[in-house]
Amino acid sequence: MSADHCGSSLLLALPDDVFAIVSRSLSPKDVCYLSLCCRSLNALASSEKVWLSQCEMVGVVTDRDLVEWRNGVSSYKALCRFLVSVRSLIGIWVHQNPELGNVVYVMPGFISVVGCRIIPQELGPLGLEDGPLLWAPVFEIIGDFDGSTAFFLHGREKDTDYFYPGLLKPVDRASNVLLLEVEPQRQFCGGKLLHSKSFVHSDRDLSRKISRSDSGISKSQRIIGTTRPMVPFSRLAFGDRRKLLEVVTNLVRLKVPDLANGPLFPGLREDDENFQKDMVLLSERRLALMQMYKLGEGRIDWESAPGLPSDRTRMELSKIKKSLDRSGSWQGSANGEEGHSQSTKRRTVAGYFKDSLKQILGRSISVNGRASSRNCTSSSENKYAQLHEFLRSGDTIGLSLNACTMKLSTYRAWPNMHDNRFALYKLPMRIPKAGEEYAGLWGGTFGWPPGRPTEDKPGKALFFLLLSYEEHEGQRQLIATKILEGTHYVLHPNGSAMFIVKVDEPSLDSFPWDTDGDSVPVEVKHAYNGEGIANGYGFRYPGAKPGSLFVIQNELLAFIWKESRAVLTLQRLELQELLKKGERVPALPPVANFSYLTKSYSNVFAGFSNTSYCLSSPR
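**Quick word on the overall build of the chain**
- Counting its secondary structure elements, the chain contains 16 helices and 28 strands.
- Total accessible area on the chain stands at roughly 29,100 Å², and carbon and sulfur atoms take up 51% of it.

If you want it as structure tokens, here you go:
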């Protein structure tokens, strides 16, 4: 082969369709690198067919959905940019609290992904397939025309639905923790703040703008681009982080307009007429949300609000505190509830922020115990960053969603979680394969026949279990980890094993029933020995009693406790389809809606009193 037919010449000689097939062995990053080689390869690598292949390889949505999503973006390359940004978010995210279950499923919408919380609930008379699954929105990430992303946190305050716009930070490919944070940003060019597309400020919306300039950085430092180190949000004490999130969400919130009250994702394609209507509504809703986002994306600019002293961070923390003290009396409490002086005058946004900020600064000093003397320091003082250092590390602050990778230990597929992070934790979903046929998400209720209410109990608690395989002492085990239960008061801790089965040890027990609810004869395909959860040494340390797992036709599983004869019946779940047929319910206030950190053993997601979580100071 001659040299002319090597390298780029060979690629350029390939038909578009053939090169699109070849490009499937490349990653999107590889295709971008290829486009930088020369002008001819740039044109070839920018082909719509090539980037359609890349979108298919990402695998977030079906090929049919890709064609429809393409109508809302500039190119398949832009669409691929968005899909790569959000693909690691798709899946099941959980938190330890409340113990009934805190399950958030992230699924595709329309040029978007939507985080939906499954509400702990009872199974109605229609069963799991036909009965509506209750869910509430947690957040959305929407793709713009160029493939960039916009983050919206959902929340409800005083019977009103709000959006809370923010940034999606770069997503780790293997991200397993999703953090809600306040993010400082710094953008300088010759000493001036750059109002880029991602940080557009609206002069008309002072309710989302509070301003301050950077102190500690001289004009010459700004001109040459020298900046002080950024202080991570995670380095702040829990009280500071919580209060910052509360203050920022209250300042950036946007009331949900009527147009945005439509569906968050399309219904099932089987109902073609309603599906097409959903697509029209979703397209209009997306355009409206992106317009809201660009008008005032939620960054708080410290220099814009009237009534605040310019260059206020040039002062020491003590001077800031004194300045705030002069504006009114206040006090902080260890529980994070601050008192406020009453005023009959209408409050300005600047005055509201002064009161909010002084609470934070006061708690930063008094509650977190970081005040130090001149001659001595303690190790606890260096444990957390001080709040004023965090605020000085940027020119604007706003909400951000941070999908990162952390080293987490697990116990029976359940991650050990931090109790003071506003976070969700991803559950690893294993695809069923030979030898691990039952891996994945299952749902069901106690009782037989499955999903049928009785006269004395019209509804049955719905359980979600994650089935996974592990090896223990040379034996393979199938472990059913509880992630959701629909009882009124929790019976079993989150992450507990409802049953553990030895898949290499067949059971000789017989199934107690001959027919199912439709009088169809029961066909038992396999049976395994195991142990099911039972009363042990208190709530946190349940015991176990012998039982058997039966594999029945129509992909049903039934675990039966030998002593009590109680039966837990399960079927494999397709959450995306269930949610598309489900029923939306109101969300919680924004911070609690993302991560509910208060220890609770009841259903806080149903009938939650929104007024109890609002800031004590009126807006």
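**Some remarks on the environment of Leu570**
- Within the secondary structure, Leu570 is located in strand β27 (residues 567-572).
- Separated by 19 residues in sequence, Leu570 and Val551 have C-alpha atoms that sit 9.9 Å apart.

**Notes on the pattern of salt bridges**
- Following the criterion strictly, the structure yields 20 salt bridges and no others.
- With a shortest N-O distance of 3.7 Å, Glu273 and Lys277 are connected by a salt bridge. Of this pair, Glu273 and Lys277 are both found in helix α11 (residues 272-295), four residues apart, which corresponds to roughly one turn of the helix.
- By relative accessible area, which is 48% here, Lys277 ends up partly exposed.
- Ionic pairing is found between Asp504 and Arg476, a salt bridge with its closest N-O pair at 3.8 Å. With Asp504 in strand β23 (residues 497-506) and Arg476 in strand β22 (residues 475-485), this pair connects stretches of sequence that are 28 residues apart.

**Structural notes on the pairing of strand β1 (residues 91-95)**
- Burial analysis of β1 places five of its five residues in the buried class, which makes it a mostly covered element.
- Here β1 pairs with strand β2 (residues 102-108) via five bridges, running antiparallel. Bridge pairing links His95 to Asn102 in β2.
- Taking the residues between adjacent antiparallel strands as the criterion, β1 and β2 are bridged by six residues, where Gly101 takes a positive phi near 135 degrees.
- With two bridges joining them, β1 and strand β18 (residues 423-426) adopt antiparallel strand pairing.

**Quick look at the sheet that holds strand β19 (residues 440-446)**
- Taken in spatial order, the eight strands line up as β19-β21-β22-β23-β24-β25-β26-β27 and close into a barrel, and their pairing is antiparallel. Between one strand axis and the next, the sheet turns through 30 degrees on average, direction left out of account.
- Sheet topology note: the β19/strand β21 (residues 463-472) ladder contains five bridges and is antiparallel. Within β21, the position partnered with Trp442 by the bridge is Leu465.

**What to know about helix α5 (residues 48-58)**
- Listing the buried residues of α5 in full gives Val50, Trp51, Ser53, Gln54, Cys55 and Val58.
- Those residues of α5 that are buried are in contact with α2 (16-22), α3 (28-35), α4 (39-45), α6 (63-70) and α7 (76-86).
- Directly after α5, the chain includes Gly59, whose backbone phi takes a positive value near 80 degrees.

**Some points on the packing of α5 against α7**
- Two numbers describe how α5 lies on α7: the axes approach to 8 Å, and their chain directions differ by 20 degrees. The pairing of α5 with α7 is recorded here as roughly parallel in orientation. Crossing handedness for the pair α5 and α7: left-handed. Contact with α5, carried on its side by Glu48, Trp51, Leu52, Gln54, Cys55 and Val58, involves Tyr76, Lys77, Leu79, Cys80, Leu83 and Val84 of α7 and no other residues of that element.
- Residue composition of the contact of α5 with α7, by class: nine nonpolar, one polar and two charged.

Cut-off values and rules
Residues numbered from 1 in each chain as written. Predicted model: local features only at pLDDT ≥ 70, side-chain atom pairs only at ≥ 80, totals over all residues. Heavy atoms only, no water. Helix = DSSP H or I, 4+ residues; strand = E, 2+ residues; numbered from the N terminus. Areas by Shrake-Rupley, 256 points an atom, 1.4 Å probe, with all protein chains shown as cover. Salt bridge = Lys/Arg side-chain N within 4 Å of Asp/Glu carboxyl O. Buried < 20%, exposed > 50% of the residue type's maximum accessible area, 1.4 Å probe, protein only. Pairing = 2+ DSSP bridges. Axes fitted to C-alpha atoms, helices over the stretch in contact; angles between N-to-C directions. Contact = heavy atoms within 4.5 Å. Parallel < 35°, antiparallel > 145°, perpendicular 65-115°, else oblique. Left-handed = near helix turned anticlockwise from the far one by under 90°. Nonpolar A, V, L, I, M, F, W, Y, C, P; charged D, E, K, R; others polar.

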